[in-house]
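Structural overview for review
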Amino acid sequence: AQSVSQHNHHVILSEAASLELGCNYSYGGTVNLFWYVQYPGQHLQLLLKYFSGDPLVKGIKGFEAEFIKSKFSFNLRKPSVQWSDTAEYFCAVNANTGRRALTFGSGTRLQVQP
Amino acid sequence: DAGITQSPRHKVTETGTPVTLRCHQTENHRYMYWYRQDPGHGLRLIHYSYGVKDTDKGEVSDGYSVSRSKTEDFLLTLESATSSQTSVYFCAISESRLAGTDTQYFGPGTRLTVL
């Protein structure tokens, strides 16, 4: 069974600091990769996704992620965070086997201090 | 945002009572999903549907049943609620005919408390 690990459970940054959130998955075949964000009290929103092609994916709100197949990783980055980026971030994987369910990581809570 | 609504948005119930949560979509998407979100676990799939009357179990399906009689509605039923089912429940939808390009969009969630 596939699994997703997000090793940073809680990250605290100051505004303008750079962000990198780790995501590793355990599946050797073709995968689809996603990052979702959940702002306080809201539902999950799609930040970005990777299906194929350029391993550097750009999403909304200045976020990007890099797929490194050899490391089974899909880390999320942002060069300069804002207070409004305070949220919980979830990495998710679909193994592209025909079964469409997503496997989620446990989430990383990001707190940006003004 | 995708046209997904969930009802009720909040519910408090007692152990042993039946509970039904509703997910309604206006996107005419074929695939619908129920997840539960618990601290430290992210989201976990309960059941999903790949068409009217076509459903399948997810990783945490025990104690839950689902029904889909219309494309737009996907119901999640807790036959006899237990305290371990206290959680936030999210519905999701997706459409792509190819699993390799499928993207799920989430509803606003239902917070369920079982006393």
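Anyway, here's the lowdown on the structure attached to this text. Every chain is numbered on its own, with residues counted from 1 as its sequence reads. The lettering of chains begins at A and the numbering of ligands begins at 1, in the order of writing. For a predicted model such as this one, the threshold for reporting local features is a pLDDT of at least 70, and the threshold for listing and counting side-chain atom pairs is 80 or more; totals across whole chains, interfaces and linings nevertheless cover every residue. Computation of side-chain values covers all heavy atoms of the structure but excludes hydrogens and water.

Right, let's talk about the state of the cysteines for a bit. Disulfide: a pair of cysteine sulfur atoms within 2.5 Å of each other. Taken as a whole and assessed by the stated rule, the structure comprises 2 disulfides over all chains. Residue Cys-23 of chain A pairs covalently with Cys-91 of chain A via a disulfide, S to S 1.9 Å. Classification of the bridge connecting Cys-23 of chain A and Cys-91 of chain A rests on its S-S torsion, roughly -65°, and on that basis the disulfide is left-handed. Taken together, the residues Cys-23 of chain A in the loop between β3 (19-21) and β4 (24-25) and Cys-91 of chain A in strand β10 (residues 87-94) connect sequence positions 68 residues apart. Residue exposure (1.4 Å probe, protein chains only): buried if accessible area is under 20% of the type maximum, exposed if over 50%, otherwise partly exposed. Note on Cys-91 of chain A: relative accessible area 0%, which makes it buried. Covalent S-S linkage joins Cys-23 of chain B and Cys-91 of chain B, the inter-sulfur distance amounting to 1.9 Å. The sign of the S-S torsion, about -70°, decides the handedness of the disulfide formed by Cys-23 of chain B and Cys-91 of chain B: left-handed. Going along the chain from the N terminus, every DSSP run of H or I of four or more residues is numbered as a helix, and every run of E of two or more is numbered as a strand.

A pair can form between side chains of opposite charge whenever their charged atoms are brought close. Residue and element names in this part refer to chain A. Think of a salt bridge as a Lys or Arg side-chain nitrogen and an Asp or Glu carboxyl oxygen that are within 4 Å of each other. Applying the stated criterion to the full structure yields 9 salt bridges over all chains. Linking Glu-64 and Lys-58 is a salt bridge whose minimum nitrogen-to-oxygen distance equals 3.0 Å. A residue is classified by how much of its surface remains accessible, and Glu-64, at 18% relative accessible area, is buried. The salt bridge partner of Asp-85 is Lys-78, with a shortest N-O separation of 2.9 Å. Taking the relative accessible area as the measure of exposure, Lys-78 reaches 7% and is therefore buried. Through salt bridges that share partners, Lys-58, Glu-64, Glu-66 and Arg-77 make up one connected network.

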